[in-house]
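Architecture and fold: a report
Below, each chain spelled out in residue letters.
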Amino acid sequence: MDHKTEAIVLNKIKYSDSTYIVNIFTRELGKVPVFIRTSKSKKGGIKPGLLFPLNIIETEVSQKDRRNVQNLKHCDTVFSAFNICSDVYRSSIAQFLAELVSKTLRENETDGDFYDYFKKIIFKLENSDIPPHNLHLLFMKDYARFLGFQITNNFAEESPFFSLREGMFLPVFTTDEESLDRELSNLFSDLLSLDLESIISFSASYKFRKEILKRLIFYYRLHLADFPEIKSVSVLNSVFSD
């Protein structure tokens, strides 16, 4: 069966000189690995330049139940992601988000609400008027909800310590590994209160962003079975340390 659908590119693996296996995420089919033959010719074929992380494309997928990897017939771009490609900060975040979703989203599991949210994040990342520095943290705290382990923002004077194991703020500090101290918990609560529209108002130092990213990754590891290493974290930290 052929499906004409919009898709978000997650990653690509080179199979031969002109072919790739590409993980895409679609509203109708969920995450799907597809086999793509590329062409450098101007006359036709799929251009390799379209297959960068978080590009949004129009596709036609030829799906057969017995195949682990489906065939993709054609591919056209939906919008121009110039800033994501040309800005090292935005491209490093795109790479991180794409790797995180590719490694945690189950194949063929559809979620229209998450697809719509993911698109909005991509549009924010492309928007040159919006500083990108905190978008990956916003995404991680929201993505946890879609994966089934939502973070509860119950920060208060009587519960000032965030517990990574419990996913909420507690009256007591348990361990250095599983709890955020009072200052970090306060800042984390501020982040939890933000959404796609208000994230622009959030100001945080590189030290805070790096620490919260490390703690959020540990939070995912506690709550998601077989959570893999996210290799692009080191690139992200290196880029934003400048």
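In what follows, the structure referred to is the one given above.
In this report, the structure presented in the accompanying data block is examined. Everything quoted here is computed from the prediction, not taken from an experiment.

Observations concerning the layout of surface pockets
Computed from the structure, the largest pocket encloses a volume of approximately 280 Å³. Together, 13 residues line the largest pocket, and Thr104, Leu105, Arg106, Glu109 and Leu147 are the ones closest to its centre. Take the lining of the largest pocket: its biggest share by element is three residues, from helix H4 (residues 135-147). Of the residues assigned to the lining of the largest pocket, the class counts are six nonpolar, two polar and five charged. What the second largest pocket holds in volume is close to 180 Å³. If you go around the second largest pocket, the residues you meet are Asp181, Glu183, Leu184, Leu187, Ser205, Lys207, Phe208 and Glu211. Residue assignment for the lining of the second largest pocket shows that the elements contributing at least two residues are helix H5 (182-192) and helix H6 (206-223). Residues belonging to the lining of the second largest pocket are distributed by class as follows: three nonpolar, one polar and four charged.

Brief notes about the pattern of salt bridges
If the charged atoms of two oppositely charged side chains come close together, the side chains can form a pair. Scanning the model with the defined rule gives 10 salt bridges in all. Note that Glu6 is salt-bridged to Lys119, the shortest N-O span being 3.0 Å. Taken as a pair, Glu6 in strand E1 (residues 2-14) and Lys119 in helix H3 (residues 112-126) lie far apart in primary sequence, 113 residues in all. Accessibility expressed as a relative area gives 19% for Lys119, which makes it buried. In this structure, Glu211 engages Lys214 in a salt bridge whose closest nitrogen and oxygen atoms are separated by 3.5 Å. Within this pair, Glu211 and its partner Lys214 are both found in helix H6, separated by three residues, close to a single helical turn. Residue classification places Glu211 among the partly exposed positions, given a relative accessible area of 22%. Three or more residues joined by partner-sharing salt bridges are found here, namely Glu211, Lys214 and Arg215.

Some words on the packing of H3 against H4
Running from N to C, H3 and H4 point in directions that differ by 180°, and their axes come no closer than 11 Å. The orientation of H3 relative to H4 falls into the category roughly antiparallel. Contacts between H3 and H4 involve Asp113, Phe114, Tyr117, Phe118, Ile121, Lys124 and Leu125 from the first element and Leu135, Leu138, Phe139, Asp142, Tyr143 and Phe146 from the second. Looking at the contact of H3 with H4 residue by residue, the classes come out as 10 nonpolar, no polar and three charged.

Quick look at the sheet that holds strand E3 (residues 30-37)
Two strands in a sheet stick together by hydrogen bonds in their backbones, pointing the same way (parallel) or opposite ways (antiparallel). Spatially, five strands are ordered E1-E2-E3-E5-E4 in a closed barrel, and the strand pairing comes out mixed. Adjacent strand axes in the sheet meet at a mean angle of 55°, parallel and antiparallel pairs treated alike. As paired elements, strand E4 (residues 56-62) and strand E5 (residues 70-77) share six bridges and run antiparallel to each other. Note that in E5 the partner of Glu58 across the bridge is Asp76. Contacts from helix H2 (residues 88-104) reach E1, strand E2 (19-26) and E3 within the one sheet, and its direction differs from that of E1 by about 105°. Contacting E1, E2 and E4, H3 crosses the sheet at an angle of about 60° to E1.

Overview of the pairing of E3
Residues in a regular strand project their side chains so that they alternate between the two faces of the sheet. For E3, the buried fraction is high: seven of the eight residues fall into the buried class. With eight bridges joining them, E2 and E3 adopt antiparallel strand pairing. Of the residues in E3, the one forming a bridge with Thr26 is Gly30. Both E3 and E5 contribute to a ladder of two bridges, which runs parallel. Across the sheet, residue Val34 finds its bridge partner in E5, namely Gln70.

Brief notes about the side chain of Asn23
Topologically, Asn23 is positioned in strand E2. Not counting chain neighbours up to four residues away, the residues in contact with Asn23 comprise Ile8, Val9, Leu10, Asn11, Val32, Pro33 and Ser102.

Definitions and cut-offs
- For every chain, the first residue of the written sequence is number 1, and numbering continues from 1 along that sequence.
- In keeping with the predicted nature of the model, local features appear solely for residues at pLDDT of at least 70, side-chain atom pairs appear and are counted solely at 80 or more, and the whole-chain, interface and lining totals rest on all residues.
- As a rule here, side-chain values cover all heavy atoms of the structure and leave hydrogens and water aside.
- The definitions used throughout rest on a 1 Å grid laid over the protein atoms alone, on which a cavity is an enclosed set of points accommodating a 1.4 Å probe that cannot get out and a pocket is an open set flanked by protein within 12 Å on both sides along at least five of seven lines; lining residues are those having an atom within 4 Å of a point.
- Grid points are joined across faces, edges and corners, and a volume is the space filled by probe spheres set on the points.
- Secondary structure is summarised from DSSP: a helix means a run of H or I of at least four residues, a strand means a run of E of at least two, and numbering begins at the N terminus for each.
- Classes in brief: Ala, Val, Leu, Ile, Met, Phe, Trp, Tyr, Cys and Pro nonpolar; Asp, Glu, Lys and Arg charged; the others, Gly included, polar.
- Salt bridge, as used here: a side-chain nitrogen of Lys or Arg that lies within 4 Å of a carboxyl oxygen of Asp or Glu.
- Burial classification: accessible surface area is computed with a 1.4 Å probe over protein chains only, and a residue below 20% of its type maximum counts as buried, one above 50% as exposed, and the rest as partly exposed.
- Fitted lines through C-alpha atoms give the axes, limited to the stretch in contact for helices. The angle between two N-to-C directions lies from 0 to 180 degrees.
- Roughly parallel means an angle under 35 degrees; roughly antiparallel, over 145; roughly perpendicular, 65 to 115; everything else is oblique.
- Residue contacts are counted whenever heavy atoms from the two residues lie within 4.5 Å of one another.
- When DSSP finds two or more bridges between two strands, those strands count as paired.

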